[in-house]
Every structure is written in structure tokens, then in C-alpha cells.
Amino acid sequence: MKTYRVGLLVDRYEQPGWMHELVEWLAHSQDFQIAALLVVGRAGVETKARFGARAFFGALSRFESRLLGAKPRAQLACRDLREHLPGPDTEIVEMTAGSGAERLAPPGLDLVIVLGAPPVPRERIAGWARQGAWQLSYSDVAVASGSYAGFWEVYQRADHTTVKLWRLGASEDEDELLDQRSFNTEIFWLKNRARAFCLGNFMVRDALQALARARRTPPAGMQIMSGERRRDPAAWDGAAYVARQAWLMADFIVRRIMKRNVRWRIGLFPSGRQQAVISEAIVLQPPKGRFFADPFVYTHDKKPYIFFEDYDFSSRKGTISVATYSDGAFRLLGTALNLPYHLSFPYIFEYDGVTYMVPETCGNRSIELWKCTDFPLKWELQYNLMSNVSAVDTIIFKHGEYWWLLTNIDRTDGQSHCDELFAFFADSPLSTNWQPHACNPIVRNPMRARNAGIVVSPGGDVIRCAQYQGFCHYGKGVSLNRIEQLSPYSYVEDDGEIHYASFLRRRHASMHHWHHQGGHTVFDFAYME
């Protein structure tokens, strides 16, 4: 039986696709019932002072929508919200803001979710439901409608775009921040706007699930990031944006004409202690037409073996190759795994005297466990740990009484694997029944979400390396973060310093992976060439 009666507050029936997705999710939820659709029409019209901006951004939206994929286009397309209401049990209440009729909200609501800008004074909404009213805000713009969500971040080339979920108070000073997350800023405004709406949708759903489990927010991993409240952009801001985008596109075109690209290679240095990176590393250079990335070092018979992604530009697919290092030189040994789908991130661990690998097999929508039958080049598939999942950069390790699986799952149909980190636990690394962490996703921003390696000391200390993503800059840096608490119900890690590849002194200097084992440290790096 559904235990929470939810009212949805909108200013009109025509609403974008992401709201329809939320309505569908609520309709199929076991805990929440859409008890009422509250439609409060706005009195009056927009002032003429905003007409120029609205016309300009309307034209810009129509142009950029042609660049969108099917999924983000559907999230922005408006249609009648009544199409997805679950049935006659949902009461539809039409009101007019400012008439006093907004006081007539149905009794017995547990929660009101404000979708868009509140058409009713906040002091009245807050008293409509037992759990109050929730509302999303985007980019700290002056109007919470989302009309210009994600614009300023693209305009200012910000690395990340932030979305916040609030419980509304009688005034702004009394608002309670329930959740805050960010994602990697997209290359143009409308795509960034669609991502903001998509993330907001997940935030509401995760908060509702936490409410159903009687778990108080804020969740694990939330960092309070407050910026200056931005005004709504004017027409001249839009014109400047178009000029900046034209310059960015011109740069991409020149790079393609000149065949300039970012190519990854691997560095190694002997180290008795864990370090981030040093410029004096010995470099494993890829041959022309390939790059090497995601290295893991594994000591076997007192000799370091480096497993890494070997990507071929012509086939656009990665395989897992192996090299060893001795007497001051690398020696390529061959290919460990070559499958019909892309492979990368060959995480290696040992269990009961057997060596296992968990490569990234996102192209097969799986998390696969491979067993070594003849080290280092012969492997056989042991288990599918998870199926029908878009997951990358999986690591498995023992901590406390459980084995832990940390992975980056994309819940947005291929838009990004860099924004959320999920944890699962089991009694054995060979389990095919991994239990989800109570606080999933345990890390919720692209500054530190995506795995980039891990070190588990003999004493049980765990250092998780994470990628830092930038605007149009994949792999801008890495951080080494110590996991302080890890249990089925809690996750806390100490945020380490972000290390950039500034030692390269090259344009678009990048690194996005680091690993230390057996007295050796490996990392990858790239630059424009």
C-alpha cells in the first residue's frame, strides 16, 4: 500500500519531458501516490523589458535543439502532463495565483513537489503538506523556473554545473538544503540545460526513496557549494554567448584540419611511498595510431607487470595489453584480452591465490570477472557480476567483513559516467548478488566521483584515486582520497588535493589514472600533439 500522498504544483498543463518521467516514476512507485495535480495559472503577463531576451533565447533554443540527441530532446519537449497521471484517483485542482483560491489545496497531502517556479507565495505552499514543499533550483539564477538553467556555466566555461534540492521555508533564509549535486558542464547551453533537468529528476527520486526509508538527508558525499546568485541573462548576454561558442567551434575545426589530437601514454616510477606523480617518470610510448591508458601495476614473481588499455584509433576499440619493466626498459608482452566490444581499466586483484581482472566492459552492458589461467596473457570469463548495467571503472577490494565493489554507473542513457559513484557489498568477490549501499550514489559530483585507481594497504587503509573533469577537458586531474568510513550504511572519504598535469607544460595537459603497488607507481598522461 502506498504510504505517501504527493501533490505536484505546476503553472500549466504543458510541461517538459523530464517532468513526465518523474510522474511515471511516481505512478509506478510502491511508496508514493500522486494524490493531486495542482495547476496554478499566473495572473498577468511578462513585462516588455524581458521580451527581447525571451525572443533571442527562443531562437537560440530552436537552433541548438537540432544538435541534441533523441533523449535530451525528449526531456525538453513539452506536452500535456495529464497524459501520464495514474488514473481517476488523482485529483486535478485548478487555481489562479493571487486570487486566494490557492488556499484550497486538497487536505491530507504528505508532500508537495514544486515543478518550476512557484506560482504561489512560498509561505502558503509550506503549509500545504506534512513534509512541506520541495523545489529544485538551477545555477542559482534569480528565477527558479529553469528557463535559463545551465546557461551561465557554459558561458563562463565552468567545469561543473550545480543543481540543488530545497525544502521551502516561509522565506529564503528558512529554506533547507536537502541535496546538492553537480555534473560536467556540457559544450552548449541546451544540452547543459537538459542535463540539469535530468540530474534534478534523479535527485528528487533519490530523496523520495530516502524519505520512504526514513533516512534523513543530506546524504553522504554532499559538499555545500554556494555561489553568487546570478541574474537571468539578457539579450546581449546571449549574443556574447554565440560569439564565444563560434570561437570554440573554430578552435575544434582548426585542430581537426591540422590533425592535432590528445594521445595518452603511461608513466612509471619506482616509489617506496605513495605519490601522485613526478615528471621524471619512465614513459611507455604508444606506437602511431594508438594510445595507452588506465595502467594497473601488479607484482608477480617480484617483477612488475603493467596491464593497460591499448586503444586503436582505426578500430575505435580498446584491448587489454601487458608490459613488464626491468633493467630500465619496458617490454611489451602482448594482448591479454581482445573482445568484440571496447575494453579498458583492467583492475587486477588476488583472491585465494588466484589472480582476477575486472576490465571495463560497458560496451557489453556488464561487469565481468575474468580469471587468469596462465599469467599474464591467458584469461577466461569467470562470472558476470552484473548485467544490463552501464558501468565503468570498477574496483573490488576487501574492507572489514565485506568485499566491496565501487563502480561508476550512468543512469542517464549514455550522457556521462563521471558524475556518480555507486557502492555494493558481498561476502565474496565471486558473488553474483551484490547488495547496494544504503547511500547510493555515495559520491555525487564530477570532482571526485569517477574511479581512477585504488590502493589497499596491508593494514586496511584504502586510498581511492578519482578523476577531476573540466569543461571540454576529460581527465583534467586526479586526487587521492582516503576512505575513512565504509559500511553498508555509511561512506566518508577525506578529500585529497587535486593534482594537475602542469609538469608537462603542454596545451591541454591531462592525466586521469594513478595506481601504486609493490613499490611501483603508474599513471597516465596526455597532451595536445
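Predicted, not measured: the structure shown is a model, and the values here were computed from it.

Digging into the overall build of the protein chain
Here is step 1: Looking only at helices and strands, one finds seven helices and 30 strands in the protein chain.
Here is step 2: Classification of the 529 residues of the protein chain by burial places 58% in the buried group.
Here is step 3: Within the protein chain, counting contacts between residues at least 6 apart in sequence, those at least 24 apart form 60% of the total.

Re the packing of helix α2 (residues 51-65) against helix α7 (residues 235-257)
Here is step 1: Orientation of α2 relative to α7, taken along the N-to-C sense of each, is 30 degrees, at an axis distance of 8 Å. With respect to α7, the element α2 is oriented roughly parallel. Where α2 abuts α7, its residues Gly-52, Ala-53, Phe-56, Phe-57, Leu-60 and Glu-64 lie against Ala-235, Gly-238, Ala-239, Tyr-241 and Val-242.

Quick word on the environment of Val-492
Here is step 1: Within the fold, Val-492 resides in strand β27 (residues 490-494).
Here is step 2: Taking the C-alpha atoms as reference, Val-492 lies 8.7 Å from Arg-482; in sequence the two are 10 residues apart.
Here is step 3: What Val-492 contacts, discounting residues up to four positions off in sequence, is Arg-482, Ile-483, Glu-484 and Gln-485.

Structural notes on the pattern of salt bridges
Close approach of charged atoms lets side chains of opposite charge pair.
Here is step 1: Evaluated as defined, the whole model comprises 24 salt bridges.
Here is step 2: In this structure, Arg-12 engages Asp-11 in a salt bridge whose closest nitrogen and oxygen atoms are separated by 3.2 Å.
Here is step 3: Residue Arg-255 is joined to Asp-251 by a salt bridge in which the shortest nitrogen-to-oxygen separation is 3.9 Å. Of this pair, Arg-255 and Asp-251 both sit in helix α7, four residues apart, roughly one helical turn.
Here is step 4: With relative accessibility at 18%, the residue Arg-255 sits in the buried group.

Quick look at a nonpolar patch on the surface
Here is step 1: Taken together, the side chains of Ile-253, Val-254, Ile-257 and Met-258 present a nonpolar region at the surface, about 420 Å² in accessible area.
Here is step 2: Among the secondary structure elements, Met-258 is positioned in the loop between α7 and β10 (262-270).

Quick look at the side chain of Asn-184
Here is step 1: One can find Asn-184 in strand β9 (residues 176-184).
Here is step 2: The exposure class of Asn-184 is buried, given its relative accessible area of 15%.
Here is step 3: With residues up to four places along the chain from it excluded, the contact list for Asn-184 reads Asp-159, His-160, Asn-192, Arg-195, Asp-419, Pro-446, Gln-469 and Gly-470.

Brief notes about the environment of Cys-362
Here is step 1: Relative to the elements of secondary structure, Cys-362 occurs in the loop between β17 (354-361) and β18 (366-374).
Here is step 2: With sequence-adjacent residues up to four places away left out, Cys-362 is seen in contact with Ser-390, Ala-391, Val-392 and His-417.

Remarks on the sheet that holds strand β23 (residues 435-436)
Here is step 1: Overall, antiparallel pairing links the four strands, which are arranged β20-β21-β22-β23 in an open sheet. Each edge of the open sheet is held by one strand with a lone partner, namely β20 (391-399) and β23.
Here is step 2: Where strand β21 (residues 402-409) meets strand β22 (residues 422-426), five bridges bridge the pair, whose relative direction is antiparallel. Following the sheet pairing, Trp-404 is matched in β22 by Phe-425.

As for the nonpolar core
Here is step 1: Leu-8 and Leu-208 are the most contacted members of the largest nonpolar core, which has 51 residues in total.
Here is step 2: When residues in this core are grouped by element, the largest group, 11 residues, is from helix α6 (residues 189-212).
Here is step 3: Once you skip the residues sitting within four places of it in the chain, Leu-208 turns out to touch Trp-25, Leu-26, Phe-32, Leu-111, Ile-113 and Trp-134.

Here's the deal with the pairing of strand β25 (residues 462-470)
Here is step 1: Counted residue by residue, β25 has nine buried out of nine residues, so it is predominantly covered.
Here is step 2: Alternating residues of β25 divide into Val-462, Arg-464, Ala-466, Tyr-468 and Gly-470 and Ile-463, Cys-465, Gln-467 and Gln-469, and every residue in both groups is buried.
Here is step 3: Pairing between strand β24 (residues 451-456) and β25: four bridges, direction antiparallel. Counterpart to Ile-454 in the pairing with β25 is Arg-464.
Here is step 4: In this sheet, strand β26 (residues 473-487) lies alongside β25 in antiparallel orientation, the contact comprising seven bridges.

As for the sheet that holds strand β15 (residues 329-337)
As a general point, the strands of a sheet are linked pairwise by backbone hydrogen bonds and lie either parallel or antiparallel.
Here is step 1: Strand order in the open sheet made by the four strands is β12-β13-β14-β15, with antiparallel pairing throughout. Edge positions in the open sheet fall to β12 (290-300) and β15, since each of these has one partner strand only. Between one strand axis and the next, the sheet turns by 30 degrees as a mean value, whatever way the strands run.
Here is step 2: Pairing analysis gives seven bridges linking strand β14 (residues 317-326) to β15, with the strands arranged antiparallel.

Quick notes on α7
Here is step 1: Its 23 residues place the ends of α7 33 Å apart at the C-alpha level, agreeing with the 33 Å of an ideal helix rising 1.5 Å per residue.
Here is step 2: Inspection of α7 places Asp-237, Gly-238, Tyr-241, Gln-245, Leu-248 and Arg-255 among the buried residues, and these make up the whole buried set.
Here is step 3: Along its buried surface, α7 packs onto α2, α5 (151-155), α6 and β30 (520-528).
Here is step 4: Just downstream of α7 lies Lys-259, where phi reads positive at about 55 degrees.

About the cut-offs
- Residues numbered from 1 in each chain as written.
- Predicted model: local features only at pLDDT ≥ 70, side-chain atom pairs only at ≥ 80, totals over all residues.
- Heavy atoms only, no water.
- Helix = DSSP H or I, 4+ residues; strand = E, 2+ residues; numbered from the N terminus.
- Buried < 20%, exposed > 50% of the residue type's maximum accessible area, 1.4 Å probe, protein only.
- Contact = heavy atoms within 4.5 Å.
- Axes fitted to C-alpha atoms, helices over the stretch in contact; angles between N-to-C directions.
- Parallel < 35°, antiparallel > 145°, perpendicular 65-115°, else oblique.
- Salt bridge = Lys/Arg side-chain N within 4 Å of Asp/Glu carboxyl O.
- Patch = residues over 30% accessible without salt bridge, like charges linked within 9 Å, V, L, I, M, F, W, Y side chains within 5 Å.
- Areas by Shrake-Rupley, 256 points an atom, 1.4 Å probe, with all protein chains shown as cover.
- Pairing = 2+ DSSP bridges.
- Core = buried A, V, L, I, M, F, W, Y, C linked by side-chain atoms within 4.5 Å.
- Expected span 1.5 Å × (residues − 1).

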